[in-house]
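Each chain, written out:
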Amino acid sequence: MNPLAISEKEFKLFRDLIYDSAGISMAESKKQLIASRLSSRLRYYQFSKFIEYYNFITSEDQNQEKQIFIDLLTTNETSFFREPVHFEFLKNEILKNFDRKRIFRVWCAACSSGEEPYTMSMVLSDTLGENKWEIIASDISSRILEKSRQGMYPIEKAKQIPPNYLKKYCLRGKGSKEGYFKISTMIRSKINFLYVNLIEPLPNLGKFDLILLRNVMIYFDQTTRKSLVEKLVPLIHEKGYLFIGHAETLLNITDSLKSIRPAIYRKV
């Protein structure tokens, strides 16, 4: 079904709303994307114009529908072992020199559907054992967080996981779950999934040896990027690390983190 027509004024209202709510900066070229993704909600409420839906979700008692709006306009693209050089560096450089007398703490700050924190947990479990690490995984989408907690994925995604990890940490679905696989209970129990809006004041999460903020800042403008990184730096242990996406940079954003490899920064 074709999306409903959206006016320039309506597009700008939604563009400003997603920016204020989630820090996401949408160019003029995203006009049809917004119309397409929101059309189903207009039909659900039998609205004939986008301005009706805008007025509805910005009313005081519509926090739940506003969250659905944010979910619809949030991109959730990820995979297991995405940007594998990061996990090789983690295993061969960071963990090799880590003081194993304490817990290694990681924050996946935009975990999407969970592939990133589950990848991280497999590497940490294989390298440190079951009890020497802790992962917090957060996202702005409540819907996608629930999917992450379940840890169940189409069997096609199993091809992204090394065979030894697949055998050790994943279970093949049977019966009604045929065609899927599930992350093991041990791995899932070690990850704390939380709702966090990165542009709002951050909850008290403690300090981390590694924060992953990969392929997030590409959706933010420079002001939002700078503000976010300034909030993250104090949460990184001295000589701790920040991983970002390979299409991203911290140039002209902070002097507190030094680039040591592409998309890998260390606190100085």
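J.: Residue-level account of the sheet that holds strand 4 (residues 170–172), with values.
T.: Taken in spatial order, the three strands of this open sheet run 3-5-4, and their pairing is antiparallel. Each edge of the open sheet carries a strand with a single partner, namely strand 3 (152–154) and strand 4. The mean angle between the axes of side-by-side strands here comes to 30°, regardless of whether they run parallel or antiparallel.

J.: An account of helix 2 (residues 31–45) is requested, with residue identities and associated values reported.
T.: Between its first and last C-alpha, helix 2 extends 21 Å over 15 residues, near the 21 Å set by a 1.5 Å rise per residue. Of all the bends in helix 2, the largest measures some 40° and sits at leucine 38. Turning to helix 2, its buried residues number three or more, namely Lys31, Ile34, Ala35, Leu38, Ser39, Arg41 and Leu42. Turning to helix 2, the residues buried within the fold contact helix 1 (8–22), helix 3 (50–57) and helix 4 (63–73). With its phi angle positive at about 60°, glutamine 46 sits one or two positions after the end of helix 2.

J.: Summarise the nonpolar core; cite the residues concerned and give the values.
T.: Judged by nonpolar contacts, the single largest core of 46 residues is most densely connected at Phe14, Phe69, Trp107, Ile211, Leu213, Leu242 and Leu250. Mapped by element, the contributors of at least two residues to this core are helix 1, helix 2, helix 3, helix 4, strand 7 (208–213), helix 10 (222–232) and strand 8 (236–244). Here the element with the most residues in this core is helix 1; it accounts for five residues. Excluding residues within four positions of it along the chain, tryptophan 107 makes contact with Ile136, Ser138, Val196, Leu198, Leu202, Leu205, Phe208, Leu210, Ile211, Leu212, Leu232 and Leu235. One finds Ala137, Tyr165, Ile187 and Ile191 within the second-largest nonpolar core, a separate group that totals 38 residues.

J.: Mind laying out the sheet that holds strand 1 (residues 104–108), listing which residues take part and the relevant values?
T.: The strands that make up a sheet are held in pairs by hydrogen bonds between backbone atoms, and each pair lies either parallel or antiparallel. Strand order across the open sheet formed by seven strands is 6-2-1-7-8-10-9, with mixed pairing between neighbours. Where the open sheet ends on each side, the last strands, each with one partner, are strand 6 (191–195) and strand 9 (257–261). The mean angle between the axes of side-by-side strands here comes to 20°, regardless of whether they run parallel or antiparallel. Helix 7 (residues 142–150) contacts strand 2 (133–139) and strand 6 of the sheet and is inclined by roughly 170° relative to strand 6.

J.: Explain the packing of aromatic side chains residue by residue, including any values.
T.: Summed over the entire model, instances satisfying the criterion amount to 20 aromatic pairs. When the centroid spacing of 6.2 Å and the interplanar angle of 80° are considered together, the rings of phenylalanine 14 and phenylalanine 50 count as edge-to-face. Highlighted residues: phenylalanine 14 in helix 1 and phenylalanine 50 in helix 3, separated in sequence by 36 residues. Residue phenylalanine 50 is classed as buried on the basis of its relative accessible area of 0%. Pairwise contacts between aromatic rings join Phe14, Phe50, Tyr53, Tyr54 and Phe69 into one cluster. Of note, arginine 105 hangs over the ring of phenylalanine 208, and the distance from its end group to the ring centre comes to 4.4 Å.

Calculation rules
- Residues numbered from 1 in each chain as written.
- Predicted model: local features only at pLDDT ≥ 70, side-chain atom pairs only at ≥ 80, totals over all residues.
- Heavy atoms only, no water.
- Pairing = 2+ DSSP bridges.
- Helix = DSSP H or I, 4+ residues; strand = E, 2+ residues; numbered from the N terminus.
- Axes fitted to C-alpha atoms, helices over the stretch in contact; angles between N-to-C directions.
- Expected span 1.5 Å × (residues − 1).
- Bend = angle between axes of the 7 residues up to and from the residue.
- Buried < 20%, exposed > 50% of the residue type's maximum accessible area, 1.4 Å probe, protein only.
- Contact = heavy atoms within 4.5 Å.
- Core = buried A, V, L, I, M, F, W, Y, C linked by side-chain atoms within 4.5 Å.
- Phe/Tyr/Trp six-rings, centres within 6.5 Å; stacked < 30°, edge-to-face > 60°.
- Lys NZ or Arg CZ within 6 Å of the ring centre and 35° of its normal.

Nothing here speaks to function; it is geometry throughout.
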